[in-house]
Each structure stands twice: as structure tokens, then as C-alpha cells.
Amino acid sequence: MLIFFVFLYLLLQLGIGYYVSKKIKTSDDYFLAGRNLSAPLVTFSLFATWFGSETCIGTAGAVYQYGLSGSRADPLGYAACLFLVGFLLVGKLWSKNTTTLGDFYDQRFGKSVEYLSLAILIPSSLMWAAAQIRAFGQVLTTITPINVEVGIVFAVCFVMLYTSMGGLLGDIYTDLIQGIMIILGLITTVVITLNAYPHVFDYVATMPNERWSFTQPGENFWSRIDRFAIPIIGSLITQELTSRVLAAKSKKIAKTSAYFAAILYLLVGSIPVFLGFIGPYIFPHLADSEQFLLQFSQSLLPDFLYVVFAGAILSAILSTVDSIFLAVSVMISKNIVYPLIKRPSEKQKVLLGRSIVVTSGFVSLILALRSDGIMDLVEEASAFGSSGLTAMTILGLYTRLGKTASAMASLIIGISVSLCTSSFLPLLSEDVIPSPYILSFVAAIIVYLIIAY
């Protein structure tokens with residue numbers, strides 16, 4: 001019965017994608033939902049897009065294993081990122097009436113900067129998608145007899161199918177359903193947990209000090225700052241968020257939606273952290289910490305409520321993956337392929353977008369099958385060249401300083417410092433390079449300004 005209801009829920013997603021596909025006539029319909037979204041839709045879409053497997057599975061498992069030191073990215077870091085999107089980016093980007101970040105880079109800095117930026121944004125997005133797909137496969141293994149690899153392949157095929165049909169408008173409608181499922185599933189789980197274990201707060205009061213600490217053993221101040229900076233700065237400039245901002249009816253709606261999404265993310269994202277924190281008391285001696293939330297909920301919840309919870313986890317993953325595939329598709333279509341085609345028709349543009357969604361799925365599948373874990377992929381995606389990208393974007397939006405050379409130098413130094421520190425940091429003490437991501441971000445800003453002046 002459990003498997004039946006879960007697959008029924010998945011079929012609902014396909015139905016929405018098919019229904020919306022009938023309304024898609026132009027590339028703006030497919031990629032930006034006609035630029036006509038209301039505040040509730042944008043809010044839930046931003047929340048659901050950012051609320052992925054690393055929150056429900058990765059963070060809960062990390063907190064189960066390490067205590068609060070495993071929760072720095074979620075929910076605090078990513079909630080802060082959503083707030084900064086509203087505060088720093090929404091007003092500037094929405095007013096420019098572009099379709100992608102690449103459009104802005106082309107207008108502000110030229111084609112060479114646009115293409116190098118895409119070379120950073122696209123691989124980063126695909127790594128992020130691979131992390132979600134791997135989590136989707138793990139969820140399926142807990143509710144079906146299939147193994148992880150088969151689950152991952154099924155996940156990719158399913159998401160490719162309904163995303164390619166419905167585009168961003170279908171994504172927005174499914175995000176609304178998925179966001180509601182996430183909230184209901186997690187609230188139901190925590191309420192039943194507290195009813196089943198009424199003495200859990202007595203255990204919390206006697207929790208060892210190291211589980212309360214946000215610091216892992218051996219970390220210094222700059223190392224802690226660095227690990228907070230990656231989810232905040234490293235996730236600030238993404239096409240997934242930009243598409244939703246640009247699809248809003250007005251600049252005010254886009255900005256308000258980002259603020260509400262940050263608040264919603266912080267509140268709902270605290271639930272997996274709390275469950276992971278008390279996990280060793282109610283579900284001890286778990287070998288694989290990433291399986292904690294799934295196995296615990298399966299052992300605690302009645303079948304009907306576990307369907308709601310499983311739907312919530314699947315929703316969190318689906319809402320992130322479909323957004324990524326669309327983001328990759330719009331960047332490749334609009335900024336790389338369209339210029340190569342002489343006056344493409346709207347029908348050709350939509351067909352191309354759907355084709356690239358499918359291609360993105362296959363690339364993400366390969367990455368997911370070759371990876372070691374969810375959180376590793378998420379951290380790599382956030383840190384991959386993003387320091388130079390963020391520095392260049394903020395300076396380009398808020399100042400008239402700098403042209404092509406400044407932007408190129410900022411991107412190159414951001415990538416170079418990130419690659420060097422990730423390659424050599426494991427061989428060195430953290431006292432030598434205590435804050436590699438902050439170092440790359442500051443270096444990117446300094447190089448940009450020096451060349452600009």
C-alpha cells in the first residue's frame with residue numbers, strides 16, 4: 001500500500017506537467033512562466049527549490065552524528081542566502097528584464113565573461129542536481145526493494161519526463177504542492193515524535209556539551225567563518241533562484257517573496273535539525289547517519305502518515321532537481337545555442353529547451369552514480385568557482401567600475417584559489433590556510449578593483 005500511494009503521488013507530478021505543457025506556446029512560457037507569478041507562488045517555489053535533500057537527509061544525518069556543528073549550512077546558511085537574494089539581487093536583476101544571469105554578464109561585461117560564467121554555473125548546478133538525485137534513490141530504497149543505483153536511474157528518468165513537459169510553470173505548480181507536503185510531513189513527524197517520547201527534553205538537558213557546540217574539534221575561528229560562508233556566498237548567484245525572481249509579476253512581489261521564503265526555510269529547516277539532535281536518544285547505534293531520518297520515520301509513523309512523510313522527502317528533492325534542469329536548459333539554450341541558430345521559431349526554442357533538460361538529466365545521473373555521498377556533492381557545488389562569480393556580480397550590479405578584464409580576472413582568480421586550496425589544504429594544517437573560501441572571495445574582489453582602477 002505504501003509503494004502504491006508514493007507512486008500515485010509521483011504520477012500526480014506527471015499529470016501536472018502534462019496539463020501545463022498544453023499552455024506552453026513560447027520560450028518565455030517555458031522558462032519564465034510568462035513572467036506573471038504571484039507572491040504565494042514565488043514564495044513557495046523559492047522555499048521548495050532551496051529545501052532539498054541536504055536539509056532533510058544530509059543535515060539531519062550530520063547533526064545525528066556530530067551535534068549542532070553539523071547544522072551550520074542548514075537552516076541558518078541557506079536561509080541567510082535567501083534573505084540576501086531579496087536584499088541585494090532581486091531589485092537589480094528584475095529591473096533589467098533579462099532571462100538569465102548570462103544575459104546580464106553579456107550586457108555588463110561582454111561575451112567572454114558570459115561564457116566563462118556559464119562554465120562555472122552549469123557544472124555547479126549539475127553537481128547540485130546529482131546530490132538530489134542520489135538522495136531520491138536512497139528514499140526509494142527504503143520504501144521499495146530496489147537498490148540505490150536502480151533508484152537513482154528511476155529518479156533521473158522521472159524528473160526529466162515531467163520537467164521537460166511543464167517547464168517553469170509546471171515546476172511552480174508542483175513546487176506549491178511539494179512545499180505544502182514538506183511542511184505537513186515534517187510537522188507531523190515532529191509532533192508524533194514528541195508524543196511518543198515525552199521525556200525527550202530531559203535527555204536534551206543532559207546532552208553532552210560537544211553536541212551543543214557549533215564547532216567541530218580542531219576548528220579555529222576562520223575555519224568556522226569559512227564553513228558558514230560557503231552556503232551563504234557560494235549559493236547566492238544561481239540561475240535556479242534568478243528564474244523565479246524574473247518570473248514574478250513585479251519587483252515588489254519578487255523581493256517580498258524572497259524574504260518570506262527565507263523565514264519559511266528557517267522555521268521548517270529547523271525540524272530536521274531538531275530530530276537529528278535528539279536522534280541518538282530515540283534511535284541509537286545507526287551505522288549510516290544519512291539514513292537516520294528515513295529509517296526513524298519509518299519505524300515511528302503509521303503507514304498512512306509515513307506516506308505523507310515520504311511524499312515530503314520526495315517533494316523536497318523533486319522541487320530542487322526540476323529547477324536545476326530548467327536552469328541549465330535556459331542558460332545553454334538562451335546564451336549558447338540561440339546565437340548559433342538563425343532566427344529560431346518559438347516552437348524550436350521550446351523543443352530545444354526540453355531536449356537540454358533531458359541531456360542535463362543524463363549528465364547528473366553519471367555524477368550521482370560516481371559520487372560518494374550527498375553532502376560532498378552539495379559542498380562541491382556551492383564552492384565551485386562561486387567566489388569570483390559572486391564578487392563580480394555584486395560589483396557589476398552596484399558599481400560602474402570594471403569592464404571585461406576586471407570581471408575575467410575576478411572569475412579566474414576565484415577558480416584558481418578555490419582549486420589550489422582544495423588540492424593542497426588536505427596536505428596542510430588549517431593554521432596555514434584557515435579560510436580557503438573567504439580567501440578566494442576576498443582575492444576576487446581585490447583583483448577586480450585593482451584592474452578596474
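Bear in mind the structure is a predicted one, so any value in this text is a computation, not a measurement.

(A) Structural view of the packing of aromatic side chains. Tallied over the entire structure, the rule returns 18 aromatic pairs. A ring pair is formed by Phe109 and Tyr448, whose centres lie 6.3 Å apart and whose planes are at 85 degrees; its orientation type is edge-to-face. Taken together, the positions of Phe109 in helix H6 (residues 101–109) and Tyr448 in helix H20 (residues 436–452) put the pair 339 residues apart, joining distant regions of the chain. Take Phe109 and Tyr448: they sit in the same class, and that class is buried. Every member of this aromatic cluster is reached through a ring pair, and the members are Tyr64, Phe283, Phe292 and Phe296. One cation-aromatic arrangement involves Lys92 over Tyr398; the distance from NZ or CZ to the ring centre is 4.9 Å.

(B) Geometry of the nonpolar core. In this structure, Phe47, Phe51, Tyr105, Ile313 and Met392 are the most contacted members of the largest nonpolar core, which totals 129 residues. It is helix H8 (residues 148–196) that contributes the most residues to this core, 17 residues altogether. Not counting chain neighbours up to four residues away, the residues in contact with Met392 comprise Tyr105, Phe109, Val113, Ser117, Ala407, Ser410, Leu411 and Tyr448. Counting eight residues, the second-largest nonpolar core is a separate cluster that includes Ile233, Ala391, Tyr437 and Phe441.

(C) The packing of H6 against helix H18 (residues 386–398), seen in detail. Two elements in contact, H6 and H18, have axes whose closest approach is 11 Å; the angle formed by their N-to-C orientations is 60 degrees. The angle between H6 and H18 falls in the class oblique. Crossing of H6 over H18 shows left-handed handedness. Contact residues: H6 offers Phe104, Tyr105, Arg108 and Phe109, while H18 offers Leu389, Met392, Thr393, Leu395, Gly396 and Leu397. Among the residues making up the contact of H6 with H18, the classes are represented as seven nonpolar, two polar and one charged.

Thresholds applied
Residues numbered from 1 in each chain as written. Predicted model: local features only at pLDDT ≥ 70, side-chain atom pairs only at ≥ 80, totals over all residues. Heavy atoms only, no water. Phe/Tyr/Trp six-rings, centres within 6.5 Å; stacked < 30°, edge-to-face > 60°. Helix = DSSP H or I, 4+ residues; strand = E, 2+ residues; numbered from the N terminus. Buried < 20%, exposed > 50% of the residue type's maximum accessible area, 1.4 Å probe, protein only. Lys NZ or Arg CZ within 6 Å of the ring centre and 35° of its normal. Core = buried A, V, L, I, M, F, W, Y, C linked by side-chain atoms within 4.5 Å. Contact = heavy atoms within 4.5 Å. Axes fitted to C-alpha atoms, helices over the stretch in contact; angles between N-to-C directions. Parallel < 35°, antiparallel > 145°, perpendicular 65-115°, else oblique. Left-handed = near helix turned anticlockwise from the far one by under 90°. Nonpolar A, V, L, I, M, F, W, Y, C, P; charged D, E, K, R; others polar.

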